[in-house]
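Residue-level structural notes
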Amino acid sequence: MSNQKVIKNLKSFSTAAERFEGSHVLCPGCAHSIIVREVLNATNDNLIVSASTGCLEVCTAIYPNTSWDCSWIHIGFENASTAVAGAEAMNKALRNKGRISADTPQPKFVTFAGDGATYDIGFQWISGCFERGHDMMYVCLDNEVYANTGGQRSSSTPIGASATTSPAGSTSYGEKKNKKDIVAIMAAHGAPYVAQVAPNKWKDMVAKIQRGFDTKGPVFINAMSACTTEWKFQPHQTIEVSDLAVDSLVFPLYEIVDGTELNITYRPKNIVPVRDYLAIQPRFKHLFTPQYEYLLDEWQKRVDEKWVYLQKREEARV
Amino acid sequence: MNKKIMELNEIEVWDGNMANSQALRQADVDVVAAYPITPSTPTVENYATMHANGYIDGEFVMVESEHAAMSGCVGASAAGGRVATATSSQGLALMIEVLYQASGMRTPIVLCLVNRALAAPLNVNGDHSDLYLTRDSGWISLDAFSPQEAYDITLMSFKIAEHKDVRLPVISNQDGFMTSHTAQNVKPLSDEVANKFVGEYLQVNAMLDFSRPVTHGVQTEHDWHFEHKAKQHAALMGSFKVIQETFDEFEKISGRKYKMVESYGMDGAEVAIVCLGSTYESAMLAVDQLREEGIKVGIVAPRVFRPFPLEEVAVALQNVKAVACMDRSAPGGTVGALYNEVAGALFNTPARPVLTNLIYGLGGRDMTINELKNIFRNLIKDANNGKLTGKIQTLIGVRGPELSFYEQ
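Residues numbered from 1 in each chain as written. Chains lettered and ligands numbered in written order. Predicted model: local features only at pLDDT ≥ 70, side-chain atom pairs only at ≥ 80, totals over all residues.

On a plain count of helices and strands, chain A comes out with eleven helices and ten strands. The C-alpha atoms of chain A give a radius of gyration of 19 Å, which matches the 20 Å a tight globule of 318 residues would have. Principal axes of the C-alpha set define a box for chain A whose edges measure 70 × 50 × 40 Å. The burial tally for chain A puts 52% of its 318 residues in the buried class. Here the contacts in chain A between residues at least 6 apart in sequence split such that 69% fall between residues at least 24 apart. (Helix = DSSP H or I, 4+ residues; strand = E, 2+ residues; numbered from the N terminus. Rg over C-alpha atoms; globule rule 2.2 N^0.38 Å. Buried ≥ 20, exposed ≤ 12 C-beta atoms within 10 Å, placed from the backbone. Contact = placed C-beta atoms within 7 Å.)

Our next topic: the interface of chain A and chain B. The interface of chain A with chain B comprises 39 residues on the first partner and 39 residues on the second. At the level of secondary structure, the elements contributing two or more residues to the side of chain A that touches chain B comprise β1 (47-51), α3 (55-60), β2 (71-73), α4 (80-96) and α6 (123-132) of chain A. The biggest single contributor to the side of chain A that touches chain B is α4 of chain A, with 13 residues. Considered class by class, the residues forming the side of chain A that touches chain B number 21 nonpolar, 13 polar and five charged. Where β2 of chain A and strand β9 (residues 215-216) of chain B come together, two bridges link them in parallel fashion. Residue pairing across strands places I73 of chain A opposite H216 of chain B, the latter belonging to β9 of chain B. (Nonpolar A, V, L, I, M, F, W, Y, C, P; charged D, E, K, R; others polar. Pairing = 2+ DSSP bridges.)

Right, let's talk about the domain arrangement of chain B for a bit. Think of interface size as the accessible area that goes away when the parts come together; that is how it is often given. Residue and element names in this part refer to chain B. Taken domain by domain, chain B consists of domain 1 (12-254) and domain 2 (261-405). Facing the 27 residues of domain 1 at the interface are 19 residues of domain 2. Among the secondary structure elements, those contributing two or more residues to the side of domain 1 that touches domain 2 are α6 (129-133), β6 (140-143) and α9 (225-254). Ranked by the residues each element gives to the side of domain 1 that touches domain 2, the list is headed by α9, at five residues. Residue classes in the side of domain 1 that touches domain 2 are distributed as 13 nonpolar, ten polar and four charged. (Domains from an automatic or database assignment.)

Time to look at the environment of I121 of chain A. Residues and elements named next belong to chain A. Locating I121 in the fold gives a position in the loop between α5 (115-120) and α6. When the 20 C-beta atoms within 10 Å are taken as the criterion, I121 is described as buried. I121 sits 44 residues away from F77 along the chain, and the two C-alpha atoms are 7.4 Å apart. The residues contacting I121, other than those within four sequence positions of it, are F77, E78 and G116.

Looking now at the nonpolar core. One broad trend across soluble globular proteins is that nonpolar side chains are buried collectively. Counting 214 residues, the largest nonpolar core has I221 of chain A together with A272, V274 and V323 of chain B as the members making the most contacts within it. Of all the elements, α4 of chain A adds the most residues to this core, at nine residues. Taken domain by domain, this core gets at least three of its residues from each of domain 1 (12-254) and domain 2 (261-405) of chain B. If near-sequence neighbours (up to four positions away) are discounted, V323 of chain B is found in contact with V271, A272, V274, L317, V342, P353 and L355 of chain B. (Core = buried A, V, L, I, M, F, W, Y, C linked by C-beta atoms within 7 Å.)

This part covers the sheet that holds strand β13 (residues 304-306) of chain B. Strand-to-strand pairing in sheets goes through backbone hydrogen bonds, with the strands running parallel or antiparallel. All names here are of chain B. As summarised here, the arrangement of the seven strands in space is β3-β2-β4-β5-β7-β6-β13, forming an open sheet in which the pairing is mixed. The open sheet terminates on both sides in strands that have one partner only, identified here as β3 (59-62) and β13. Here the strands of the sheet are splayed against their neighbours by 20 degrees on average, with no regard to which way each runs. Across the sheet, helix α1 (residues 16-26) lies against β2 (31-34), β4 (83-87), β5 (110-115) and β7 (170-175), angled at about 175 degrees from β5, the strand it touches most. (Axes fitted to C-alpha atoms, helices over the stretch in contact; angles between N-to-C directions.)

What follows covers the pairing of β6 of chain B. One face of the sheet, then the other: side chains in a regular strand alternate in exactly this way. All names here are of chain B. Taking every second residue as pointing to the same face, both faces of β6 are buried, with I140 and L142 on one and S141 and D143 on the other. Pairing of β6 with β7, which is carried by four bridges, proceeds in the parallel orientation. Bridged to S141 within β7 is I171. With respect to chirality, the unit in which β6 leads through helix α7 (residues 147-162) into the neighbouring parallel β7 is right-handed. (Right-handed = clockwise from strand over helix to strand, strands pointing away.)

Before going further, it helps to spend a moment on the environment of A234 of chain B. Position of A234 of chain B among the secondary structure elements: in helix α9. A sequence separation of 68 residues divides A234 of chain B from V166 of chain B, and the C-alpha atoms of the two residues are 9.5 Å apart.

So, in structure tokens, the structure goes:
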């Protein structure tokens with residue numbers, strides 16, 4: 001079991017002792033730091049954290065400064081999961097050999113990585129870690145783009161988004177492929193706990209993170225991270241965009257336990273149209289032209305179908 | 001400690017892979033993360049068998065690729081314990097990114113590298129392409145010429161890597177198949193003596209020490225990157241001292257003497273070859289036979305490939321008239337690495353022997369004693385001429401028309 005932080009309200013949560021300090025150079029309005037604080041603030045346990053190369057890493061560990069008041073490691077773009085898996089193996093070895101005494105509380109092992117590192121270049125490493133069953137939590141900061149390098153597409157970039165390597169133009173509506181269903185893929189590994197979270201729904205998120213910390217084995221968290229720079233909304237709109245994402249069901253919040261048991265954890269009282277979510281983000285602005293308006297209908301249909309699918313899965317318990 | 005002691009005979013019959021496996025077991029490694037690849041696979045298989053039978057109480061993690069193997073090693077090492085892995089060839093090529101990260105992050109990992117050719121064409125046999133690929137990676141690179149030496153050097157690698165003044169990863173090289181799969185007599189140390197020699201792991205900035213959180217693997221740009229790399233290079237150059245001390249200490253417990261630069265038959269030698277790996281032992285026989293004919297030839301072989309013992313190589317070659325630098329790797333459009341190193345070592349010294357570069361043995365092509373004798377005889381011609389009889393670089397032991405390049 002993890003040593004969970006007791007969280008009464010947002011104020012006490014947001015002013016809790018921090019192991020992720022405020023001194024970083026992430027963009028104003030970046031959701032990464034909100035997500036990281038919500039994860040780290042959910043536990044009092046000792047932490048070994050890894051980060052993949054990406055926005056979070058380059059903005060929080062610039063020598064001679066660091067934003068991390070916990071053990072932290074970055075190796076490369078693709079291997080943050082395996083970095084933490086190696087540390088987890090070392091913890092086991094030293095305990096088995098008696099070099100760490102049995103009554104020392106178990107630390108938690110957490111990886112933060114962007115969607116580029118998760119959906120694309122680091123996928124093999126994550127799959128390996130989950131197959132081997134390391135006791136770790138992998139948190140994908142999913143901003144649907146290679147933001148650190150200036151906004152190139154990833155396999156998480158959704159249809160119709162304009163990215164620098166899938167730009168919208170006179171003959172193109174931007175990204176042509178829909179995003180990979182990473183949550184389903186990770187659940188299919190048989191992971192004991194997989195969940196999709198959004199930082200604006202902080203109670204839902206913290207409950208899932210705490211459940212994850214209480215779970216033995218590999219835990220995968222896909223965290224929506226609205227990106228002011230590449231989604232091109234204003235920095236003060238991060239929570240507004242995030243609310244639209246979950247209330248339009250573009251980012252449904254749910255969990256999958258032991259690969260099969262799916263629970264929807266947030267049902268919007270008022271479901272908003274997908275076009276409202278897209279309209280606030282200039283990366284989709286070309287879709288609001290007669291030429292590409294049909295894509296908005298396709299978008300809505302796809303989101304509706306996924307919502308029906310999730311509810312059926314939840315009901316069927318398979 | 002939860003592991004069984006293994007009773008060893010005074011003389012065991014081990015190939016180079018078993019020598020590695022036994023050294024890893026005796027060094028009491030905490031985490032081995034590895035992925036199998038020919039010809040280093042048995043190093044890992046033997047280790048797995050010992051683990052399965054209770055002789056190892058560390059963690060053994062079979063990952064999904066060599067890149068992941070080295071990534072896991074870096075994470076485990078930064079966490080604060082003894083770490084090792086093994087690989088060859090394509091596996092080394094796949095983990096090369098992480099080799100640079102491991103040395104830059106000062107993680108004292110030991111890598112047993114069983115040398116093999118690099119594709120294409122695909123080839124599983126021994127040459128030094130993978131060894132050369134690690135040249136600029138910032139790892140200490142030691143070379144074993146036999147299974148006995150593989151055992152000794154892998155054991156010593158931990159002591160060198162983890163020394164407080166070094167804290168750099170170390171590669172223990174041996175030739176694929178010629179060493180890794182050739183069973184020979186090996187005199188092991190007892191578990192107790194070996195373990196005592198390697199000593200307890202010294203934690204530095206361990207991630208598992210929660211009283212003092214440390215950030216590993218930071219970002220630096222033009223403002224600090226150079227200082228970090230400079231310090232790393234200085235540590236690598238400073239490791240000569242620790243390597244020598246380790247060789248000396250090892251001699252005391254084993255009776256086996258290692259030097260920065262090994263040599264054979266160099267007393268009064270007129271000509272010499274410079275080589276690496278198992279070729280050294282074959283060349284010893286060629287030297288003996290030629291010496292019986294009164295032909296004065298010798299061999300020089302760097303035991304330590306990185307950091308390169310430039311001064312010792314220069315000293316070893318001061319009194320010869322002609323030298324063949326034998327590179328067992330396709331040179332990729334220039335002279336071979338050993339030729340470059342030896343030329344660099346000699347240039348600022350009084351001795352300026354005739355220097356030739358022989359590319360040989362690629363993809364496991366044999367180098368016979370007769371061929372080595374011919375090489376020595378040609379060197380004598382060069383020495384007598386006072387200049388090269390052919391071009392600077394020649395590919396030897398290859399079919400087809402003669403391939404030689406660079407006029408003197």
